[in-house]
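Residues per chain, in single letters:
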Amino acid sequence: KMNTIFNGVPLIDKSGGKVDPNSLSSKKVVGLYFSAHWCPPCRGFTPVLAGAYNSIVADGKSFQVVFVSSDRDQASFDSYFAEMPWIALPFAERDQKTALSTKYGVSGIPSLILLDGATGELITKDGRGEIGADPTLSKLLA
């Protein structure tokens, strides 16, 4: 399912290595994080999400986030992705970014879409609200 969502496009990890989207199928919850460095509310939410992510992963919970960038250029993407502890859709994959934005109705950023890793089904389009209400996503990851 995840391969279909990303249209077969490999994701990247912090070292620039390729990540098979199908590997996300083993995660209970997968977040698509639509964000950009130029967006002040994004720069405010990213550290909140990173703190929640690090706590959730440290607790051994099955959660992954994929950064889907609305940055204006590769250098801005690189700089912003360096602040994040998760994986990303490569910046060059603009068509795939547009397809994901359209599929999930993302009109503003930051936006955190939460999906069921196994099925690819939408859990919520308001991942920001979920993290705000329950920073450990305890209900979703139970």
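None of these values were measured; they are calculated from a predicted model.

(A) View of the overall build of the protein chain. Scanning the protein chain from terminus to terminus reveals 5 helices and 7 strands. From first element to last, N terminus to C terminus, the protein chain shows the α and β order α-β-β-β-α-β-α-β-α-β-β-α. For a compact globule of 142 residues, the expected C-alpha radius of gyration is about 14 Å, and the protein chain comes in at 14 Å, within 12% of that figure. Here the C-alpha coordinates of the protein chain stretch approximately 40 × 30 × 30 Å along the principal axes. Across the 142 residues of the protein chain, 46% fall into the buried class. Contacts in the protein chain between residues at least 24 apart in sequence constitute 63% of all its contacts with a sequence separation of at least 6. Surface accessibility of the protein chain: about 6500 Å² in total, with carbon and sulfur atoms responsible for 51%. One way to put it: in the protein chain the 14 positive side-chain charges average out to a point 3 Å from where the 14 negative ones average out.

(B) Quick peek at the environment of Val65. Along the chain, Val65 falls in strand E4 (residues 63-69). Here the alpha-carbon distance between Val65 and Leu115, two residues 50 residues apart in the chain, equals 10.0 Å. For Val65, the contacting residues outside a window of four places in its chain are Gly31, Tyr33, Leu49, Tyr53, Trp86 and Ile87.

(C) Geometry of unusual backbone geometry. That bond from Ile109 to Pro110 is cis: its omega, 0°, falls within 30 degrees of zero. By the element assignment, Pro110 lies in the loop between helix H4 (94-103) and strand E6 (111-116). One non-glycine residue, Asn7, lies in positive phi territory at about 55°. As for its position among the elements, Asn7 is in the loop between helix H1 (2-5) and strand E1 (11-12). A positive phi angle, close to 50°, is found at Leu137, a residue other than glycine. Along the chain, Leu137 turns up in the segment after helix H5 (127-133). For Leu137, a relative accessible area of 1% corresponds to the buried category.

(D) Quick look at the pattern of salt bridges. The final tally for this structure, using the stated rule, is 1 salt bridge. Residue Asp134 pairs with Lys139 through a salt bridge whose shortest N-O separation is 3.8 Å.

(E) Highlighting the nonpolar core. Within the largest apolar cluster, 26 residues are counted, with the highest numbers of intra-cluster contacts made by Tyr33, Leu49, Phe63, Phe67 and Trp86. Of all the secondary structure elements, the ones that give two or more residues to this core are strand E3 (29-35), helix H2 (40-58), E4, helix H3 (74-81) and E6. Of all the elements, H2 adds the most residues to this core, at 7 residues. Discounting chain neighbours no more than four positions away, the residues touching Phe63 are Lys27, Val29, Gly31, Tyr53, Ile56, Val57, Leu114, Leu137 and Leu141. Formed by 19 residues, the second largest nonpolar core is a distinct cluster that contains Ile5, Val19, Leu24 and Leu32.

(F) Structural detail: the pairing of E6. Among the 6 residues of E6, 5 are classified as buried, and the element is accordingly described as predominantly covered. Bridge analysis of E3 against E6 gives 6 bridges, and the strand direction is antiparallel. The partner of Gly31 across the bridge, within E6, is Leu114. Note: E6 against strand E7 (residues 122-124), 2 bridges, orientation antiparallel. Its bridge partner being in E7, Leu115 is matched across the sheet by Leu122. Where E6 folds back onto E7 in an antiparallel hairpin, the turn is made up of 5 residues, including Gly120, whose phi is positive at roughly 80°.

(G) Local environment of the environment of Ala142. Inspection of the secondary structure assignment puts Ala142 in the segment after H5. Measuring from C-alpha to C-alpha, the distance between Ala142 and Ser62 comes to 9.8 Å, with 80 residues separating the pair along the chain.

Rules used throughout
Residues numbered from 1 in each chain as written. Predicted model: local features only at pLDDT ≥ 70, side-chain atom pairs only at ≥ 80, totals over all residues. Heavy atoms only, no water. Helix = DSSP H or I, 4+ residues; strand = E, 2+ residues; numbered from the N terminus. Rg over C-alpha atoms; globule rule 2.2 N^0.38 Å. Buried < 20%, exposed > 50% of the residue type's maximum accessible area, 1.4 Å probe, protein only. Contact = heavy atoms within 4.5 Å. Areas by Shrake-Rupley, 256 points an atom, 1.4 Å probe, with all protein chains shown as cover. Lys, Arg positive; Asp, Glu negative; His and termini not counted. Charge placed at Lys NZ, Arg CZ, Asp CG, Glu CD. Salt bridge = Lys/Arg side-chain N within 4 Å of Asp/Glu carboxyl O. Core = buried A, V, L, I, M, F, W, Y, C linked by side-chain atoms within 4.5 Å. Pairing = 2+ DSSP bridges.

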